[in-house]
Amino acid sequence: MPKKNSKKNKKRFEVGEKETIDQCLDRMKKEGYMPIRRAEEPVFREEVRNGEKVMEPVGKTIVFHAVKD
């Protein structure tokens, strides 16, 4: 039987720009969450070239999906 409050039990944690993965995992643990999935998401910058908008990839962000312990 699925939990009704499952949305409140899930949270996304993004590894900060000057934060290590271990620091992010520690922050997650302090808040009472356990990681269930790691994802790397691209970061884009919008540029205008020849009057056309172009999405230029400039990096990536590591995001952890977590659930309450």
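Heads up: the structure comes first, above all this text.
Analysis parameters
Residues numbered from 1 in each chain as written. Predicted model: local features only at pLDDT ≥ 70, side-chain atom pairs only at ≥ 80, totals over all residues. Heavy atoms only, no water. Helix = DSSP H or I, 4+ residues; strand = E, 2+ residues; numbered from the N terminus. Contact = heavy atoms within 4.5 Å. Pairing = 2+ DSSP bridges. Core = buried A, V, L, I, M, F, W, Y, C linked by side-chain atoms within 4.5 Å. Buried < 20%, exposed > 50% of the residue type's maximum accessible area, 1.4 Å probe, protein only.

1. Here's the deal with the side chain of threonine 61
Along the chain, threonine 61 turns up in strand S3 (residues 52-68). Excluding its chain neighbours within four sequence positions, the residues that come into contact with threonine 61 are Glu14, Val15, Ala39, Glu40, Glu41 and Val43.

2. Side note on the pairing of strand S2 (residues 33-49)
Pairing of S2 with S3 involves 16 bridges; the strand directions are antiparallel. Considered in S3, the bridge of methionine 34 is made with valine 67. Counted along the chain from S2 to the antiparallel partner S3, the turn is 2 residues long, and its residue asparagine 50 has a positive phi close to 55°.

3. Quick look at the nonpolar core
Counting residues in each nonpolar core, the largest one holds 8 residues, listed as Phe13, Val15, Cys24, Met28, Tyr33, Ile62, Phe64 and Ala66. Going through the elements one at a time, helix H1 (21-30) and S3 are the ones with two or more residues in this core. Of all the elements, S3 adds the most residues to this core, at 3 residues. Excluding residues that lie within four positions of it along the chain, alanine 66 makes contacts with Asn9, Lys10, Lys11, Phe13, Met28, Tyr33, Met34, Pro35 and Ile36.

So yeah, pure geometry; function would need other evidence.
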